[in-house]
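# Per-entry structural report
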Amino acid sequence: EIARFGRLTEPYRATFDVVHTSKTYRLRRYEGRAQRGKINAPILLVPPLMVTSEVYDIAEDISAVAYLLRSGIDVWLCDFGSPEEEEGGLARTLDDHVRAVSDAIDRVAEMTGNDVHLAGYSQGGMFCYQTAAYRESRNLASVITFGSPVDIHRNVPAIADGPAGELIRSLDAMLRVPFAKLDGVPGDYSSMAFKLVSLRKEVGQVFDFVNKLHDRQALEKRESRRKFLGGEGFVAWPGPAFRTFINEFIVHNRMLSGGFVIDGRSVTLADITCPVLYFVGERDDIARPASVQAIRRAIPGGALYEKRLSAGHFGLVVGSKALRETWPTVVEFMRWQSGGGLKPLALAEDRHEPIEDPEESDLDELDLDVRLMVDAVSDTAAAMWRSLGDVIDDVGDTARNLRYQLPRFAELERMEGDTRVSLGRALRDQARKNPEDTFFLWQGRAFSYKQADARVDAVVKGLLSLGVQPEQRVGILMHGRPSLLTAAAALSRLGAVAVLLQPDEEDSALVEALARTEASGLICDPEYAERAQAVFAGTSWCLGGGSLRKSLPDRVLDMEQIDPAQVNIPKGTQLDAARARDLSMIFFAPPRRGSKPRATRITNGRWALSAIGAAGACTLTREDTVYAALPLHHMAGLVVTIGAALVGGSRLALADDPFLSPPSIDNGELERFWRDVRRYGVSVLFYAGELCRNLLDDAGLVGETQPIRLFAGSGMRSSVWRELSGKLDAGVLEFYALTEANAVLANASGQRVGSVGRPLPGSADMALVAYDFQNDSFVRGPDGFMELRVAERPGVLLARLDERHPSYAEPDASRVVRSVFEAGDRWWISRDVLERDERGDYWFLGRLSELRIVDGELRSLREVEDELEDLDGVKMAVAAFDGEQVTAVIAADQERLNWNAIDSAKARIGSIWPEEILSLPFERFPLTEGLRPVRRETLERARSEGETLKR
């Protein structure tokens, strides 16, 4: 009979109605629920891909659907069908499935008039998490998952040690091409794989079946399960959905870190606000307990409830144990959430300690055919990781450096003046290599490299139609939004020079900046259209802004009205042809008291050194998301943050408007910042000066739940460094870079707090030279050349210039010194005093103006500040020379100050200890555009607004 008809019984199926059909799914509603103990809120079941919807309804005696109906539950199911049998089924994306579940929630909620309990098994539970986050829990009574991993990497042995993670990233690179050609993963492949990897158990299944041929009743009871596990329970996994799942959730692990993209929106599980009940299999080899329990890190402070079962992956939802423990707990939980019962006893312990990885499973309570599937999958996972074990060990801790650092540093070493490199070219390269990868995220939306590159091309055509030529200087007056990045990249692609203006400056400073750079054009956004007309004599060009462009001044042209399709690129025009020696950008720092705006000229080579060097030192990968907290019109924002993310292939998260700038930041801004960190899955934050000091007070709110692995930048004080890395379990990478010279130091290891590290490959030659601090002049020997400082002797840092530098041929350049070590050589004066220790690490001592000879010794104001900031209760300290004495200003909680500790600090510092210490509220400390304290202004403000610290 089996040979003739293929089965002994008719297929089992609980009765249901299909109430809605779309191209992606069918919405089922099951019949026959009992009225006794009815719960109003319905449950919507979501199956995983590759497994049919009947996983909840395999056989009548172990049917989850039948149990829920008997318990008075209104049961619905989102049926994705068999993609290989439906038109366009194998072309479905992961977004299609999430949108389908979201649509099903809307329909169930509308038809029942109640919020929905959304429940999913395995990857179906991942769909539930993703959809709940995508909807921000709208119309959801709860989310219920069974063996649904959140931290996918926790399924890999020793992933916390690093090498296995590097292996995953390497496999991603190798598999991208074959995966791109894959239409789908057929269901037969999955079914066959389960059998082949556990041939012994498959043979045992056959023998057990033959041994029961005399008992037709026993065989009929098992028939539905036999057919399900024999192949009928498996369906194809659509290729696009499979590729996205591999990339987003296995390679980049964004379920945990946040920042996965659904329907063009950046989503984080932290957006889930409804209660979550998650089931953990203590012997689950597919979704290891640690990977499932990671939901607690992904939703900090959420209403989360854990239920543990002594079961494997399949046994969580199918089998006698599931009917005894899983589904009764679900019913009790739903009744409790609806207000009709008490908290389930199974959740009373509320334990959340980690579960050790499962040992050999004892599954005697399950039927043989269920054991077959569980054991087969377990053997598959175990065999795979055993076979990869040696490879993982061989990769070692250096793999990340070998793959991401050395090639980038080698590129810097090879760079010459004629090397073609620029911001626009880097974007073009990424768009060709990874067109569909996310380049940047802004206001919750995701934009790909392909989209960004196409937008830049369109703006390039607009600029060509306006007559912009290579080497022409064009001002940019904009908020820190994507349009600014687009404008800068378009000018770079043309070979023009972008003049970055600071919008918060006075009009007079903007006029002078445009005049000094001889800018012949000005690009603005709608908010600054009026100011553009006021500071620029010609016609300004407005870019972006959407509806804000409706009312532009007369002398402001709307570039969005230019049709790129109607613009022909002039013959002979070369795009992305700029070379390393060519000028790329000019930044302006606000004028200080009695001075003019200070221009910083950046060549393409200088841009590349900062961008590639930062990406290499930070080991940026496609897995990372870099947060742009610094304004884009600042050098650290556009050159370092944007540049590093771009050449590193990382995602870039743009703040709606850079706001993490002390000292004006408030608690609301901090909450917004951490919300962005989780929403985008931020792993690297580039800082400047005092940017991170505010996080110290707030770090306890997030603890280990935040995904940031690295803070990188320049100017972090040692006290902030120690406390920040301790509270957030994140690394710190401190850079030191000269504004115009191609010289960069980096403390790549992050181990020696306070050090600025060593020269990056590709940097210009650097030297510490002797300086006469009494007479404020360089020391030259009898031969007329300068004295090179040895280890542990402070000196002024110089960087060698070549003909590529804009100031090389300027005889009156005040920052250039000649004939330093040989006749005619030219070096850039940093005006910074550093010291190099015997290990080769550099230490920043201060600006020339911050050091003096006191009692025959060279002393620095930073010594005083470091001692004061190490005192309990002091949040920030700034010291300044006040005539011949030193005065300090602190922001402190005076009730916590310990005068014995102050006396000890005074004894250590000695003669440079401040004669007077003033107290000033932290938010009143004035900062430079680089977010560093302004000493003289701080002292003056403290004398007028602060108070003298008294014992």
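As a reminder, the structure under discussion sits directly above these lines.
Residues numbered from 1 in each chain as written. Predicted model: local features only at pLDDT ≥ 70, side-chain atom pairs only at ≥ 80, totals over all residues. Heavy atoms only, no water.

### A word on the packing of aromatic side chains
According to the stated counting rule, one finds 18 aromatic pairs in the structure shown. With a centroid separation of 5.4 Å and 65° between ring planes, the pair formed by Phe16 and Tyr30 is classed as edge-to-face. On the criterion of sequence distance, the pair formed by Phe16 in strand E1 (residues 16-21) and Tyr30 in strand E2 (residues 26-30) is long-range, its members being 14 residues apart. Their ring planes at 90° and their centres at 5.1 Å tell us that Tyr771 and Phe778 sit as a pair that is edge-to-face. Judged by relative accessible area, which is 23%, Phe778 ranks as partly exposed. Through a chain of ring-to-ring contacts, three or more aromatic side chains come together here, namely Tyr56, Phe146, Phe279 and Trp327. Cation over ring: Arg28 sits above Phe16, and NZ or CZ is 4.2 Å from the ring centre. (Phe/Tyr/Trp six-rings, centres within 6.5 Å; stacked < 30°, edge-to-face > 60°. Helix = DSSP H or I, 4+ residues; strand = E, 2+ residues; numbered from the N terminus. Buried < 20%, exposed > 50% of the residue type's maximum accessible area, 1.4 Å probe, protein only. Lys NZ or Arg CZ within 6 Å of the ring centre and 35° of its normal.)

### Quick word on the pairing of strand E35 (residues 842-847)
Here 2 bridges tie strand E28 (residues 755-759) to E35, and the two strands are oriented antiparallel to one another. In the strand pairing of E35, Ser755 is matched with Trp843. Pairing of strand E34 (residues 826-836) with E35, which is carried by 5 bridges, proceeds in the antiparallel orientation. Bridge assignment links Asp832 to a residue of E35, and that residue is Arg847. (Pairing = 2+ DSSP bridges.)

### What to know about the state of the cysteines
Under the criterion given, the structure shown has 0 disulfides. Here Cys78 is not cross-linked by a disulfide; its sulfur's nearest cysteine counterpart is in Cys128, at 9.1 Å. Looking at Cys128, the relative accessible area reads 0%, which means it is buried. (Disulfide = S-S within 2.5 Å.)

### Let's talk about helix H13 (residues 320-337)
Compared with an ideal rise of 1.5 Å per residue, which puts 18 residues at 26 Å, H13 spans 26 Å between its outermost C-alpha atoms and is within 8% of the ideal. Restricting attention to buried positions, one finds in H13 the residues Lys321, Ala322, Leu323, Thr326, Trp327, Pro328, Thr329, Val330, Val331, Phe333 and Met334. Summarising the contacts, the buried residues of H13 are in contact with strand E3 (43-46), helix H2 (64-70), strand E5 (116-121), strand E6 (140-146), strand E11 (276-281) and strand E12 (304-309). (Expected span 1.5 Å × (residues − 1). Contact = heavy atoms within 4.5 Å.)

### A short note on the pattern of salt bridges
Scanning the model with the defined rule gives 46 salt bridges in all. The partner of Arg693 in a salt bridge is Glu869, with the nearest N and O atoms 3.0 Å apart. Placement of Arg693 in the loop between strand E24 (684-688) and helix H24 (695-698) and of Glu869 in helix H26 (residues 861-869) is noted, with a sequence separation of 176 residues between them. Neither residue differs from the other here; Arg693 and Glu869 are each classed as buried. A salt bridge links Arg908 to Glu867; the shortest N-O distance between them is 2.9 Å. Of this pair, Arg908 sits in helix H27 (residues 899-909) while Glu867 sits in helix H26, and the two are 41 residues apart along the sequence. Among the residues examined, Arg908 registers a relative accessible area of 54% and is labelled exposed. (Salt bridge = Lys/Arg side-chain N within 4 Å of Asp/Glu carboxyl O.)

### Some points on the environment of Arg818
Structurally, the position occupied by Arg818 is in strand E33 (residues 816-818). Along the sequence, Arg818 and Arg800 sit 18 residues apart, while their C-alpha atoms lie 9.8 Å from each other.

### Section: unusual backbone geometry
Even without glycine at this site, Glu136 takes up a positive phi of about 55°. The topology assignment puts Glu136 in the loop between helix H4 (123-135) and E6.

### Observations concerning the sheet that holds strand E21 (residues 598-603)
What links the strands of a sheet is backbone hydrogen bonding, and the strands pair in either a parallel or an antiparallel sense. With respect to topology, 7 strands assemble into an open sheet ordered E19-E18-E17-E15-E16-E20-E21, the strand pairing being mixed. Two strands lie at the open edges of the sheet, namely strand E19 (556-558) and E21, each paired on one side alone. Neighbour to neighbour, the strand axes of the sheet diverge by 25° on average, direction disregarded. Examined bridge by bridge, strand E15 (residues 473-477) and strand E17 (residues 521-524) share 4 bridges and lie parallel to one another. (Axes fitted to C-alpha atoms, helices over the stretch in contact; angles between N-to-C directions.)

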